[in-house]
Amino acid sequence: MAADEEPLRLDLRGLWCLIGAWSAALLGVRLSVPQQGMAALVALGLAVLGVLLLLRPRHVLFGGDTAPVFAAPALMCAAAGVVLANLVLSGATAVPEPLRQAADASSVIRIRVELEGTPRARLVADRFSEDSHGHTRHQVEARTSLMCSGDTWLSAVAPVTLGYGESLAPVGAQPTRGTSVEVLARITPNPAGQRSRFRLTAVAPLVVLATDGQPGLAERMRQKFRQHAMALPEPGRALLPAMVYGDRGGQSEELADSMKASGLSHLSAVSGANCAMVLGAAFALCRLFGVPRLPTLFLGLAALYGFVLLVGYEPSVLRAAVMGAIAAFSVHSSRGRNGLSALCLAVVILLAIDPYLAGEAAFQLSALATAGIVLIGRRLADKLGLRLPEFIAEGTAIAVAAQIACLPVLVSLTPSFSLYSVPANLLVAPLIPWITISGTLGIVVLMFSAPLGALFIWAAGIPAAAVGLVGMWVAALPGALRPWPAGVVGIALAWTLFVAVFFSLGYAPERPGTWRARIPLGVQSVAMGLLLGLTLPVTALVPAPSVAWLVVACDVGQGDGLVLNAGDAGAIVIDTGREPPDIDACLRRLRVEKISAVFITHQHADHDGGIAGAGKGRDVGQLFYSVLDDPAKPPLVNGLTGEQLASGDIGSAGTVSWRVLAPSRTDVKLDENDASLVIRFEMQVPGSSRVVSMLATGDMQEAPMGTLLASGAVQRADILKVAHHGAANGGTEIIGVVNPAVALISVGKENTYGHPSPDIIGALQDRGVPALRTDEHGTLVLGWENGGLSVSALEALQPAD
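All figures in this text were calculated on a predicted structure; none of them were measured in a lab.

Draft legend 1. How the structure looks around the state of the cysteines. For the structure on display, the rule yields one disulfide. Here Cys-554 engages in a disulfide with Cys-586; their sulfurs sit 2.0 Å apart. Taking the sign of the S-S torsion, -70 degrees for the link of Cys-554 and Cys-586, the bridge is left-handed. With Cys-554 in the loop between β11 (551-553) and β12 (562-565) and Cys-586 in helix α19 (residues 580-589), the pair connects residues that are 32 residues apart, well separated along the chain. Cys-586 shares its class with Cys-554; the two are buried.

Spelled out as structure tokens, the structure:
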């Protein structure tokens, strides 16, 4: 049997340690310090017990070799105990009591913080205010030092996220890492398990107290690089700093969305691939000059250390350096099991040092991408190399391995799949090493010779522009983002695909020609069929028909705007947001020319301000509304006078029927929000007997909603439109009663109200309900595919003319 056909035998001891460490890290950051200590003692005690049992080859109770039975639990408990013990000793989750009390009350406090990075700027629009124009907001991770209480400054050290508007930015130069500022800010708690324990929203201008005194050589080098990169054509001007050292500040929202849809967004962040390329380039130079093996190793590590200092000494960069070194080791050696052991050891060490990494998607993606390359990249490259040139086989293998391994995390974040990710990555793959190496050299050379450094920048900038153009072109192709099943089912399918590919590549029969020899081919067929069936149906390459969607949550900023598909009867619109152009644009993208009914749940501007946009150029059949103050002033659309609804009213249009559950005509309502219509909609799935139900709740608050729930009128529904943009005053009881498959939260980016509330998100997570938010995903489309609800972005539908 050829060496490359040797069955893949893996040392799984490191994997057991990794499972124990990761589980302990995820749990530990959510426990109090006493609970962490107790859990650490239990885990270490069980580990010691397992070791004692392992020392006895035969056990009196079990009567056999105990090693296979107790080795795995002992390793898991030992790793878990180390992580938990370090949590206790480091006090990583301890929070000063003054900060906790202020956050629980959402108080405005005066506080001093030290920035742990450079503030990131983004253009946002808070459409809940009168000014709906875009404005710049800044966000940065920081660490508090002192909190003012009366006339006294109290020590209060904790990691926080600081956000402030452009008008509140400090006068003068932009603050950078190490800058100390004093700020008057509202403090609110972040969900448990997050590294940043609190969120600070500035309500007054920041005051710079002190800077690091020395921006540092690396920071000066990056600033000079940014200045010279401004001469590049777009999109290279925005992409080059991101691809070289992770600075995405210059990217427009359109470019960022295109890179995501094409599966190229990972290129605009420092990852293990960047570190592996730097390490590989150093190794290649050493080999070129005949440097011996051991000095080559040290010189390569020195080059990697220099790159880390240049990019910025941050946890994400250190993680990327570790993962990149492991990936390079695995790809350039054929011993995948050593690569797996090194990966597991590195992850355990990183989690012991920083347990918060376990819950961060970036770390999960980095670890899984490396695992994919280690476990299946090398073998896949060998098999593809039998039919393809080596450079194409290796590039394809790495791209496919990383994509498949990362899929479980990617679909948990957004239930969609970048259809053309692999070919897009293959198209730009030859350019990435050149961009990384030339760009990195440009940063260094600029400090000695501006003309020569500029030459390196242009040499890297033109290919970077080509990468951006490829990303925008791929994102515009039909079906660039394919929907993936949401929730646990989607994640399970993604893991099934990874496991199937792994076993199909790792299994080698001892006797060719037997029935066992057909197993790898069968597993490969199942894996390929699963991938193609979920991501590349025939309809992915043609415009979606009008019945492809059932419910659409339009991105109208801080407001509500839902559209239901009523089949031949047109559409049903539930609220219209604040600005007419927003709902109009959404309806045009959906090809809606006729509206059977418009429902205005209550008369607040973020729900009825855009009503003129809904009626623009469209026939509107009926208008329904609810109001607290003045029933004599109903909303108008296209001259149509509305009808006020109350509980018990029913109706239908095409494939949609509805029943109004609240408010009743006799309810005592103290607030316009509490006058919100609560309606149960039922939608007939075209070509099926299945009926999809949705509960629309407007902005109804907890007290009247509790009365409605107590009446028994609310039943389970497939979709829940979360009340009041996810505000805490909407309550959580309804989530348990409705028990939806998905929850829609229509909310504006960077809104000043803290919507959605961590309590609401936490309640949804506790019940395993995916929270689909327009501030994170834009316009959301819910359809029916393969016997279940599917979720995608509006771009997956036929674009507007």
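Draft legend 2. Spatial organisation of the packing of helix α5 (residues 217-229) against helix α6 (residues 236-245). With their axes 9 Å apart at the nearest point, α5 and α6 run at an angle of 150 degrees to one another. In terms of orientation, α5 and α6 fall into the roughly antiparallel class. Once α5 is placed against α6, the crossing between them reads as right-handed. Along its contact with α5, which presents Arg-222, Phe-225, Arg-226 and Ala-229, the element α6 presents Arg-237, Leu-240, Pro-241, Val-244 and Tyr-245. Looking at the contact of α5 with α6 residue by residue, the classes come out as six nonpolar, no polar and three charged.

Draft legend 3. Quick look at the pattern of salt bridges. Counted by the stated rule, this structure contains 15 salt bridges. With a shortest N-O distance of 3.0 Å, Glu-182 and Arg-112 are connected by a salt bridge. Of this pair, Glu-182 sits in strand β6 (residues 180-189) while Arg-112 sits in strand β1 (residues 108-115), and the two are 70 residues apart along the sequence.

Draft legend 4. Looking closely at the sheet that holds strand β21 (residues 678-684). Taken together, seven strands build an open sheet; the order of strands is β19-β20-β21-β22-β23-β24-β25 and the sheet is mixed. Here the strands that pair on one side only, and so sit at the sheet edges, are β19 (650-653) and β25 (771-773). Strand-to-strand twist across the sheet, computed as the mean angle between neighbouring axes with direction ignored, equals 20 degrees. Two strands pair when backbone bridges link them, and strand β23 (residues 719-721) and strand β24 (residues 742-745) are joined in this way by three bridges, in the parallel orientation. For Lys-721, the partnering residue across the bridge sits in β24 and is Leu-744.

Draft legend 5. Structural detail: α19. Turning to α19, its buried residues number three or more, namely Asp-582, Ile-583, Asp-584, Cys-586 and Leu-587. Looking at the buried residues of α19, the elements they touch are β11, β12, β13 (571-574), β14 (594-600) and α21 (611-615).

Draft legend 6. Molecular detail of the pairing of strand β22 (residues 691-696). Most of β22 sits out of view: five of its six residues are buried. Of the strand pairs in this sheet, β21 and β22 are connected by six bridges, and their pairing is antiparallel. What sits directly across from Gln-684, in β22, is Val-691. Bridge analysis of β22 against β23 gives three bridges, and the strand direction is parallel. Across the sheet, the residue bridging to Leu-695 is Leu-720, located in β23.

Draft legend 7. Up close: the packing of α6 against helix α16 (residues 450-475). Between α6 and α16, the shortest axis-to-axis distance is 8 Å and the interhelical angle comes to 105 degrees. Relative to α16, the element α6 is oriented roughly perpendicular. Side by side, α6 and α16 meet where Gly-236, Leu-239, Leu-240 and Met-243 of the first sit next to Ile-457, Ala-460, Gly-461, Ala-464, Ala-465, Val-467 and Gly-468 of the second. Among the residues making up the contact of α6 with α16, the classes are represented as eight nonpolar, three polar and no charged.

Draft legend 8. Representation of a nonpolar patch on the surface within the structure. Taken together, the side chains of Met-38, Val-42, Leu-46 and Leu-49 present a nonpolar region at the surface, about 370 Å² in accessible area. Tracing the sequence through the fold places Val-42 in helix α2 (residues 33-54). Residue class for Val-42 comes out partly exposed when judged on its relative accessible area of 45%.

Draft legend 9. Local environment of the packing of aromatic side chains. The final tally for this structure, using the stated rule, is five aromatic pairs. Measuring from centroid to centroid gives 5.4 Å for Phe-599 and Phe-681, while their planes differ by 90 degrees, and the two rings are edge-to-face. Here Phe-681 lies in strand β21 and Phe-599 lies in strand β14, a separation of 82 residues in the sequence. Its relative accessible area of 0% is what places Phe-599 among the buried residues. Members of the aromatic cluster, connected to one another through ring pairs, are Phe-599, Phe-624, Trp-658 and Phe-681. Between the NZ or CZ atom of Arg-112 and the centre of the ring of Trp-153, over which it lies, the distance is 4.1 Å.

Draft legend 10. Spatial organisation of unusual backbone geometry. For the peptide bond that leads from Glu-234 to Pro-235, omega is 0 degrees, which places it in the cis range. Residue Ala-662 is joined to Pro-663 through a cis peptide bond whose omega torsion reads 0 degrees. Inspection of the secondary structure assignment puts Pro-663 in the loop between β20 (656-662) and β21. Although it is not a glycine, Arg-591 sits at a positive phi angle of roughly 65 degrees. Assignment of secondary structure puts Arg-591 in the loop between α19 and β14.

Cut-offs and rules
Residues numbered from 1 in each chain as written. Predicted model: local features only at pLDDT ≥ 70, side-chain atom pairs only at ≥ 80, totals over all residues. Heavy atoms only, no water. Disulfide = S-S within 2.5 Å. Helix = DSSP H or I, 4+ residues; strand = E, 2+ residues; numbered from the N terminus. Buried < 20%, exposed > 50% of the residue type's maximum accessible area, 1.4 Å probe, protein only. Axes fitted to C-alpha atoms, helices over the stretch in contact; angles between N-to-C directions. Parallel < 35°, antiparallel > 145°, perpendicular 65-115°, else oblique. Left-handed = near helix turned anticlockwise from the far one by under 90°. Contact = heavy atoms within 4.5 Å. Nonpolar A, V, L, I, M, F, W, Y, C, P; charged D, E, K, R; others polar. Salt bridge = Lys/Arg side-chain N within 4 Å of Asp/Glu carboxyl O. Pairing = 2+ DSSP bridges. Patch = residues over 30% accessible without salt bridge, like charges linked within 9 Å, V, L, I, M, F, W, Y side chains within 5 Å. Areas by Shrake-Rupley, 256 points an atom, 1.4 Å probe, with all protein chains shown as cover. Phe/Tyr/Trp six-rings, centres within 6.5 Å; stacked < 30°, edge-to-face > 60°. Lys NZ or Arg CZ within 6 Å of the ring centre and 35° of its normal.

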